[in-house]
Amino acid sequence: MKNIEIIGTGRSIPSKVVTNDDLAKIVDTSDEWISTRTGIRQRRFCDEGESANSLAIAAAAKAIAASGLAPEDIGVCICATISGNYATPSMACIVQRELGLRECIPALDVNAACSGFLYGIEVARGLLNGTGENYALVVGCEQLSKLLDMTDRSTCVLFGDGAGAAVVRISDDAPYASTLGARGGYEISVLGAGPEPSHIHMDGAEVFKFATNIIPKCIGELEKKSGIGIDGVSKVVCHQANERIIDSCIRRMKADSSKFYKNMDRFGNTSAASVPIALSELVENGEVKDGDLLMMVGFGAGLTWAGALVRYAGQ
Ligand code: UT7
């Protein structure tokens, strides 16, 4: 099976800024508690006229433009989300239609919560190899604000909305490694079967323990498979759930903290969107350049986890 590399990135961030002080007006919390426990200072929520699908379409269009390709070059369309506008049609089918991608290509959503974008990257690799196509679009997009119980301070302060996207291409020589896993459980759940609106529930302490164990494990797996460790990559992009999770892993691995990107202060936890939003910021601000290697790690509901070591081959 051939490897893949990333050739274009994009993101779309909704317009409504919600600060910790804004939330302190509606639940019993404070900027001090949220920022010291999580590193989050504000998040974005969709405003009128914005939705998960509109963010996904905008981020995907930017990633395709950045790749230098035309929509008709895309051979696989994958959206990672747990909060698309509809159960069906999938977000991927709406992106396919709105961007004018070809009709004879696979378009599907991936539900792996905060690991979804990296699951999507590996699914894209498999489908590209299986179909003989050269380019795939992978989007991570969430509108978690609609799943929040705004009376539950233990969850409503953590999450935000947003979208990130990447175009990947088949490569004969790019280094690449991936690791994926799942351990079914209800530690983070959105159990919506009845007429009541469904909300995110989470056992924060259990998930914190899980996350601090799984990040070093994923990074170790990637190193074992590729022979490339943190020293050999330009940046490590972890899912942006909580600054303390990332800092604890850095301490445990005695890793160079400057390699680990963080932007949860501005966006909170955007689940499947967090890794591709960070990736798109890194490319835009020049911290990731043509030829650089990246490690990316996701973890979250399912429970699921995923890691990828990928080369960025941008313009
Ligand atoms: O994307 C999926 C992956 N998700 C994650 O990785 C999340 C992992 N978990 C976490 O990040 C942390 O566990 C949280 C940020 C969710 C919670 O932090 P914590 O340090 O584990 O706090 P806690 O749940 O142990 O709660 C400590 C106290 C409790 O009060 P008592 O029982 O000690 O009196 C909570 O009721 O903090 C209270 N608390 C709050 N206080 C003010 C919980 N939420 C809040 C809040 N504001 N928003």
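Residues numbered from 1 in each chain as written. Predicted model: local features only at pLDDT ≥ 70, side-chain atom pairs only at ≥ 80, totals over all residues. Heavy atoms only, no water.

1. Here's the deal with the sheet that holds strand 11 (residues 235-238)
1) Next: Taken together, the four strands give an open sheet; going across it, the order is 8-13-12-11, and neighbouring strands pair in mixed fashion. The outermost strands of the open sheet, each flanked by one partner alone, are strand 8 (177-182) and strand 11. Each strand of the sheet is rotated relative to its neighbour by a mean of 10°, with strand direction disregarded.
2) Next: In the sheet, strand 8 pairs with strand 13 (residues 304-311) via six bridges, with the strands oriented antiparallel. (Pairing = 2+ DSSP bridges. Helix = DSSP H or I, 4+ residues; strand = E, 2+ residues; numbered from the N terminus. Axes fitted to C-alpha atoms, helices over the stretch in contact; angles between N-to-C directions.)

2. Structural notes on the nonpolar core
1) Next: Grouped together as the largest cluster of nonpolar side chains are 46 residues, with contacts concentrated most on I215, I219, V236, F260, M295 and F299.
2) Next: If you list the elements that add at least two residues to this core, you get helix 7 (204-226), strand 11, helix 8 (243-253), strand 12 (293-300) and strand 13.
3) Next: The dominant element in this core, judged by the number of residues it contributes, is helix 7, at eight residues.
4) Next: Beyond its immediate chain neighbours, meaning those up to four positions away, I219 contacts I230, V236, M253, F260, M295 and V297.
5) Next: I4, A166, Y261 and V310 belong to the second largest nonpolar core, which has 32 residues in total. (Core = buried A, V, L, I, M, F, W, Y, C linked by side-chain atoms within 4.5 Å. Buried < 20%, exposed > 50% of the residue type's maximum accessible area, 1.4 Å probe, protein only. Contact = heavy atoms within 4.5 Å.)

3. A closer look at the site of the ligand
1) Next: In the region of the ligand, 23 residues are neighbours, and T29, R37, R153, N242 and N269 sit closest.
2) Next: Note that a nitrogen atom of the ligand is positioned 2.7 Å from one of the side-chain N or O atoms of T29.
3) Next: R37 is positioned such that a nitrogen or oxygen atom in its side chain is 2.7 Å from an oxygen atom of the ligand.
4) Next: Coverage of the ligand by the protein chains reaches 71% of its 960 Å² of free accessible surface.
5) Next: Within the residue set of the shell around the ligand, elements represented by two or more residues are helix 2 (31-38), helix 6 (153-156), helix 7 and helix 8.
6) Next: When residues of the shell around the ligand are assigned to their parent elements, the largest contribution, four residues, is made by helix 7.
7) Next: Across the shell around the ligand, the residue classes tally to 12 nonpolar, seven polar and four charged. (Near = heavy atom within 4 Å. Polar contact = N/O pair within 3.5 Å; in protein donor to acceptor, adjacent residues only side chain to side chain. Areas by Shrake-Rupley, 256 points an atom, 1.4 Å probe, with all protein chains shown as cover. Nonpolar A, V, L, I, M, F, W, Y, C, P; charged D, E, K, R; others polar.)

4. Here we look at the pattern of salt bridges
1) Next: Evaluation of the coordinates by the stated rule reveals 16 salt bridges.
2) Next: Note that E5 is salt-bridged to R311, the shortest N-O span being 2.8 Å. Of this pair, E5 sits in strand 1 (residues 3-12) while R311 is found in strand 13, placing the two residues 306 residues apart along the sequence.
3) Next: On the basis of relative accessible area, E5 is assigned to the buried category, the value being 4%.
4) Next: A relative accessible area of 18% places R311 in the buried class.
5) Next: When the shortest N-O distance is used, the salt bridge between E243 and K262 registers 3.4 Å. One end of the pair, E243, is in helix 8; the other, K262, is in the loop between helix 8 and helix 9 (264-267), and 19 residues separate them in sequence.
6) Next: Owing to a relative accessible area of 27%, E243 belongs among the partly exposed residues under this scheme.
7) Next: Among the charged side chains, a salt-bridge network with shared partners connects E5, R169, D173 and R311. (Salt bridge = Lys/Arg side-chain N within 4 Å of Asp/Glu carboxyl O.)

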